[in-house]
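Observations on chain architecture
Okay, here's what each chain looks like letter by letter:
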Amino acid sequence: MPHAGAANSAPAEWHAVSIHGHRINYATRGDGPTLVLLHGGGDSGEHSFARQLDILSERHHLVAPDQVGQGRTPDIASALTYTGMMDDTAALLKRLRLKHVDVVGFSDGGILALMLAIRHPELVRRLVVSGVNIAPDGLNADDLEELRATQNPKPRTIDEKLAHLWATSPTETELSVAMLAKISQPVLLISGDRDAITLEHTLKIFHALPDAELCVLPGTDHATFSGRAEWLNPIINAFLERSLGSPR
């Protein structure tokens with residue numbers, strides 16, 4: 001059933017800006033405190049969070065960038081890296097004069113959210129992340145083996161670049177347990193119990209974060225936001241609306 005306010009929600013407005021010499025397209029929608037949405041790999045903000053946009057835009061100003069080569073943003077000649085995408089995201093937020101914002105990230109977008117909180121803590125107030133890993137070995141062994149077996153040594157297409165990214169990253173210089181320990185912001189960490197990221201790896205991340213809440217969804221694979229919106233939307237709303245420092 002559609003959310004009660006969905007019919008009155010205005011469509012997203014699209015914008016383009018030059019960041020680090022290439023174009024980044026991003027969507028905005030709604031009014032209120034800024035909420036940045038970071039999509040999954042090979043996806044877009046409007047698709048990764050299709051079942052959250054109407055609800056979240058009722059009380060937030062949404063900013064949803066499409067990373068290079070994904071969604072509406074064109075590809076670039078260089079390799080796809082988490083560091084590059086994180087730098088683009090930070091530069092966009094600074095260009096828009098945004099700081100101390102809440103960030104929701106799915107899969108690759110969740111990795112970017114964690115990196116953003118570590119390297120640019122002034123930009124991030126709270127994080128909601130789902131399906132994240134801090135090293136390739138966080139992936140299920142069969143998936144990682146398949147990725148490594150199908151690598152193109154000189155990836156050119158966005159699909160080849162994504163496969164290379166997932167098989168080799170995040171690197172130790174991008175994310176680690178020690179780096180997670182520096183994240184002072186509250187984090188809602190979400191996983192499906194049948195996620196592409198092993199539960200053991202998710203628990204490793206959870207225990208490393210100083211201020212985290214864990215939400216493991218039963219009978220759920222990697223597609224938490226699209227597959228379990230009826231469960232997740234109230235949980236995310238409650239987390240975002242909770243006053244910082246208030247009792248849990």
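Here is a short report on the structure shown in this document.

The rules we used
- Residues numbered from 1 in each chain as written.
- Predicted model: local features only at pLDDT ≥ 70, side-chain atom pairs only at ≥ 80, totals over all residues.
- Heavy atoms only, no water.
- Pairing = 2+ DSSP bridges.
- Helix = DSSP H or I, 4+ residues; strand = E, 2+ residues; numbered from the N terminus.
- Axes fitted to C-alpha atoms, helices over the stretch in contact; angles between N-to-C directions.
- Contact = heavy atoms within 4.5 Å.
- Salt bridge = Lys/Arg side-chain N within 4 Å of Asp/Glu carboxyl O.
- Buried < 20%, exposed > 50% of the residue type's maximum accessible area, 1.4 Å probe, protein only.
- 1 Å grid on protein atoms, 1.4 Å probe; cavity = no way out; pocket = protein on both sides within 12 Å on 5 of 7 lines; lining within 4 Å.
- Points joined across faces, edges and corners; volume = space filled by probe spheres on them.
- Core = buried A, V, L, I, M, F, W, Y, C linked by side-chain atoms within 4.5 Å.

**Describing the sheet that holds strand β6 (residues 124-130)**
- The mixed open sheet is built from eight strands, whose spatial order is β1-β2-β4-β3-β5-β6-β7-β8. Only two strands of the sheet have a single partner each, and these edge strands are β1 (13-19) and β8 (212-217). Across the sheet, the mean angle separating the axes of adjacent strands is 20° when strand polarity is ignored.
- Relative to strand β7 (residues 187-192), β6 runs parallel, the two sharing four bridges. Residue pairing in the sheet places Val-129 in a bridge with Leu-189 of β7.
- Packing of helix α3 (residues 82-95) onto the sheet brings it into contact with β1, β2 (22-29), β3 (34-38), β4 (61-66) and β5 (101-106), and relative to β1 it is tilted by some 110°.

**Quick word on the pattern of salt bridges**
- Going through the model one piece at a time under the given rule, you end up with nine salt bridges.
- In this structure, the salt-bridge partner of Arg-29 is Asp-54, at a minimum N-O distance of 2.3 Å. Of this pair, Arg-29 sits in strand β2 while Asp-54 sits in helix α2 (residues 53-56), and the two are 25 residues apart along the sequence.
- Take Asp-54: its relative accessible area is 27%, and that puts it in the partly exposed class.
- With a closest N to O distance of 3.0 Å, Asp-102 and Arg-125 form a salt bridge. With Asp-102 in strand β5 and Arg-125 in strand β6, this residue pair connects regions lying 23 residues apart in the sequence.
- The buried category is assigned to Asp-102, whose relative accessible area is 1%.
- Exposure remark for Arg-125: the relative accessible area of 23% places this residue in the partly exposed category.

**Structural notes on the layout of surface pockets**
- The space that makes up the largest pocket amounts to roughly 280 Å³.
- Contributing to the lining of the largest pocket are 19 residues, with Ser-107, Asp-108, Leu-139, Trp-166 and His-222 lying nearest its centre.
- Of all the secondary-structure elements, those providing two or more residues to the lining of the largest pocket are α4 (108-119) and α5 (141-149).

**Concerning the pairing of β3**
- The buried count for β3 comes to five of five residues, which makes it a mostly enclosed element.
- Both faces of β3 are covered, namely the face carrying Thr-34, Val-36 and Leu-38 and the face carrying Leu-35 and Leu-37.
- Inspection of the sheet shows β3 paired to β4 by three bridges, in the parallel sense. Paired with Leu-35 across the bridge in β4 is Leu-62.

**A closer look at the nonpolar core**
- Ranked by size, the top nonpolar core spans 44 residues in total, and within it Leu-127, Leu-175, Leu-180 and Ile-183 carry the most contacts.
- With eight residues, α4 is the single largest residue contributor to this core.
- If sequence neighbours within four positions are ignored, Leu-127 has contacts with Val-103, Ala-113, Leu-114, Ala-117, Ile-183, Gln-185, Pro-186, Val-187, Leu-188 and Phe-239.
- Residues Leu-37, Phe-106, Leu-188 and Leu-240 belong to the second largest nonpolar core, which totals 19 residues.

Bear in mind that shape data such as this cannot, by itself, settle questions of function.
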